[in-house]
Amino acid sequence: MLLVEGLPVMYVEMAIGQYFRGGSIVSWQKIHPSLKGVGLCCVVISSFLCIYYVMVIAWILNYLWVSMRTTPPYANCDYTDDVCCTHDKTLYYWYAVVLKATPSIEDAGNGPSWHLVIFLILAWIVTYLCVFQGVKSTGKAAYFAATFPYICLVILLIRGVTLPGADIGLKALFTPKWERLADPRVWISAATQTFFSLSLGFGALVAFASFMPYKNNITKDSILVATVNSFTSVLAGMCIYSILGFRSLMNNVDIEDVSAGTGLTFVAITEAVTQMAGTPFFAFVFFFMLFNLGISSQFGTLAGLVTPLYNDLRLFGKARKELCVAVLAIGFLLIGLLFTPGNGEYILQLFDNFPVTMPLLVVGITEIVATGWIFGIENFDAAIQDMTGAPCPLYFKICIKYISPAVMLVLLCWLLIYSIINVDTYGAFVNCNPDDVLNNRTVTFTVDKELPGWARAVAVS
């Protein structure tokens, strides 16, 4: 996916932004007026991502705060006498204490959880301070946010690979399961992860590239960024899977049954950290690393959104950029309050699964086709040669014109078919049955429920 989808799309976005010197709207509009819609679609996708992704940062801040205690609350059940907590401390803490989750997406419980509201506001304040001065403040924040996580990763990796059971996790990470390649969902997940990992389709790369020197070697930069990103993903995977292997051994659970999604971070990894010597230190390092990674993605996406709104559309007239960022932050904050009641995590799943995934593939296909066939691969080659002094590599020419659009079109068709034939569900927290815990029977905390009609209608719309 990286070679036939990620790298070509990244190369196109960075080259188009650097060549046309504008945000996602202006740059694509200069190729053809009808392509203004591509930039507008990037703005919409970035808006959705900014709205819900900052809630994940708020959750991380919550865990970062409580991890400063000598004994983090998720490491024991001193705060409750519910027997369900004793069966799975970290899962119970995540759903019952942090989220105050209700058993249905239609049940908001007692309204917003004020600790989440406070952390959400704090997350937006940090994001604003990283973006309000434009590239000047974003660049300074990026120096720290992009480098410090490597220090944390190395610390956690050293600790992780020395844990009992680390070999179980690393073997699971690096052992191919060739039969899974026949599952379209694997390819769709890989494609989606590539878009998120490289920030493709959000307009951020186009916006940031527009501020680069015109003669910057965009070919070298694209390959370097994709390579470093892949190396980082492998490094992070080794860190996470070594810890998951430890959890698998300690709990006598098959590593395939370890939680996924948000449960991977806030349940599985957190539980493994509680079983390490020096829990508060490693917990703080882990969540501080996640905070840096999350906030860098958030302010990068927001900065990529501000550029087309402020520079391309002139949406805020002659107002200062600081005001533009403040208005967006406050507006997104108010919408983000939807994620703070007891059903907030279920609503966030809607934002994550529907308004972003499929549109990213559509944007990627449109950008590649627009570059290879509307702008023309010959004109693109001339633009690259004018900027870098060297022609566009043959590999990129073939991918942009033929391979990448074909691969992404097949993936989009698979995703459409899968969405049609499968019933949309969400995992609802119903707590456990105390009798199951006391009698050593199978214990379940969540059940899959079908999305109600209004939720599917909102998701599709």
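Whatever comes next refers back to the structure up there.
Rules of the game
- Residues numbered from 1 in each chain as written.
- Predicted model: local features only at pLDDT ≥ 70, side-chain atom pairs only at ≥ 80, totals over all residues.
- Heavy atoms only, no water.
- Salt bridge = Lys/Arg side-chain N within 4 Å of Asp/Glu carboxyl O.
- Helix = DSSP H or I, 4+ residues; strand = E, 2+ residues; numbered from the N terminus.
- Buried < 20%, exposed > 50% of the residue type's maximum accessible area, 1.4 Å probe, protein only.
- Core = buried A, V, L, I, M, F, W, Y, C linked by side-chain atoms within 4.5 Å.
- Disulfide = S-S within 2.5 Å.
- Expected span 1.5 Å × (residues − 1).
- Bend = angle between axes of the 7 residues up to and from the residue.
- Axes fitted to C-alpha atoms, helices over the stretch in contact; angles between N-to-C directions.
- Left-handed = near helix turned anticlockwise from the far one by under 90°.
- Contact = heavy atoms within 4.5 Å.
- Phe/Tyr/Trp six-rings, centres within 6.5 Å; stacked < 30°, edge-to-face > 60°.
- Lys NZ or Arg CZ within 6 Å of the ring centre and 35° of its normal.

*Asks:* What should I look at first to understand the pattern of salt bridges in this one?
*Replies:* Any two side chains of opposite charge can pair, on the condition that their charged atoms come close. Evaluated as defined, the whole model comprises three salt bridges. The salt bridge involving glutamate 322 is made with arginine 320; its shortest N-O contact spans 3.0 Å. Residues lysine 397 and aspartate 381 are paired through a salt bridge, measuring 3.5 Å at the closest nitrogen-oxygen approach. With lysine 397 in helix 17 (residues 394-421) and aspartate 381 in helix 16 (residues 357-388), this residue pair connects regions lying 16 residues apart in the sequence. Judged by relative accessible area, lysine 397 falls into the partly exposed class, the value being 25%.

*Asks:* Is there a simple way to explain the nonpolar core in this structure?
*Replies:* Taken as a class, soluble globular proteins show a tendency for nonpolar side chains to be buried jointly. Judged by nonpolar contacts, the single largest core of 138 residues is most densely connected at Trp28, Trp59, Trp94, Trp124, Phe287, Leu302 and Phe380. Element by element, the count of residues in this core is highest for helix 3 (residues 36-66), at 18 residues.

*Asks:* When you look at the state of the cysteines in this model, what are you seeing that I'm missing?
*Replies:* Here a disulfide denotes a covalent bond joining the sulfur atom of one cysteine to the sulfur atom of another. In total, this model carries two disulfides according to the counting rule given. The partner cysteine of cysteine 77 in its disulfide is cysteine 85, sulfur to sulfur 2.1 Å. Across the disulfide from cysteine 77 to cysteine 85, rotation about the S-S bond amounts to roughly -95°, and the bridge is consequently left-handed. On the basis of relative accessible area, cysteine 77 is assigned to the buried category, the value being 14%. The exposure class of cysteine 85 is buried, given its relative accessible area of 0%. Two residues share a disulfide in this structure: cysteine 84 and cysteine 432, whose sulfurs sit 1.9 Å from each other. Across the S-S bond linking cysteine 84 and cysteine 432, the dihedral sits near -100°, which makes this disulfide left-handed. A residue pair is termed long-range when its members are at least 10 positions apart, and cysteine 84 in helix 4 (residues 83-87) and cysteine 432 in the loop between strand 1 (425-429) and helix 18 (434-438) qualify at 348 residues. Accessibility assignment for this pair places cysteine 84 and cysteine 432 in one class, buried. Disulfides within the protein chain link the bonded cysteines, taken in sequence order, as 1-3, 2-4. Here cysteine 392 stays unpaired: no disulfide links it, and the sulfur of cysteine 399, its closest cysteine neighbor, is 9.8 Å away.

*Asks:* Explain helix 17 here, please?
*Replies:* An α-helix turns once per 3.6 residues; consequently, residues spaced three or four apart project the same way. Taking 1.5 Å per residue as the helical rise, helix 17 with its 28 residues ought to reach 40 Å, and the 40 Å between its terminal C-alpha atoms agrees with that figure. At isoleucine 400, helix 17 is deflected by roughly 55°, the largest bend along its length. Of the positions making up helix 17, those classed as buried are Phe396, Cys399, Ile400, Lys401, Ser404, Pro405, Met408, Leu411, Leu412 and Leu415.

*Asks:* What is the right way to look at the packing of helix 3 against helix 5 (residues 89-98) in this model?
*Replies:* The relative placement of two packed helices is expressed as an angle between their axes plus a distance between the axes. At their nearest, the axes of helix 3 and helix 5 sit 13 Å apart, and the two run at 115° to each other. Every pair of crossing elements has a handedness; the one defined by helix 3 and helix 5 is right-handed. Residue-level inspection shows Trp59, Asn62, Tyr63 and Val66 of helix 3 in contact with helix 5, the latter providing Thr90, Tyr93, Trp94 and Val98.

*Asks:* Any chance you could explain the packing of aromatic side chains here in plain terms?
*Replies:* Aromatic rings in a pair are described by how distant their centres are and how their planes are angled relative to each other. Taken as a whole and assessed by the stated rule, the structure comprises 33 aromatic pairs. Where phenylalanine 429 meets phenylalanine 445, the ring centres are 6.5 Å apart and the plane angle is 10°; that geometry is what we call stacked. Of this pair, phenylalanine 429 sits in strand 1 while phenylalanine 445 sits in the loop between helix 18 and strand 2 (446-450), placing them 16 residues apart in sequence. Neither phenylalanine 429 nor phenylalanine 445 differs from the other in exposure class; each is buried. Sitting over the face of the ring of tryptophan 373, lysine 401 holds its NZ or CZ atom 4.7 Å from the ring centroid.

*Asks:* Hey, could you run me through the side chain of serine 24 in this one?
*Replies:* Position of serine 24 relative to the elements: it lies in helix 2 (residues 24-31). On the basis of relative accessibility, which here comes to 1%, the residue serine 24 falls in the buried class. With sequence-adjacent residues up to four places away left out, serine 24 is seen in contact with Gly39, Cys42, Val43, Gly203, Val206, Pro308 and Asp312.

*Asks:* Help me understand helix 5, please; the structure alone is not making it clear to me.
*Replies:* Of all 10 residues in helix 5, seven are buried; the element is thus mostly enclosed. Taken as a whole, helix 5 has its buried residues at Thr90, Leu91, Tyr92, Tyr93, Trp94, Tyr95 and Val98.

*Asks:* Just to check I follow, could you spell out the environment of phenylalanine 246 for this structure?
*Replies:* Structurally, phenylalanine 246 is set in helix 11 (residues 218-251). Classification of phenylalanine 246 by relative accessible area gives buried; the value is 4%. Considering only alpha carbons, one finds phenylalanine 246 and lysine 397, 151 residues apart in sequence, at a separation of 45 Å.

By themselves, these are just geometric observations and shouldn't be taken as functional.
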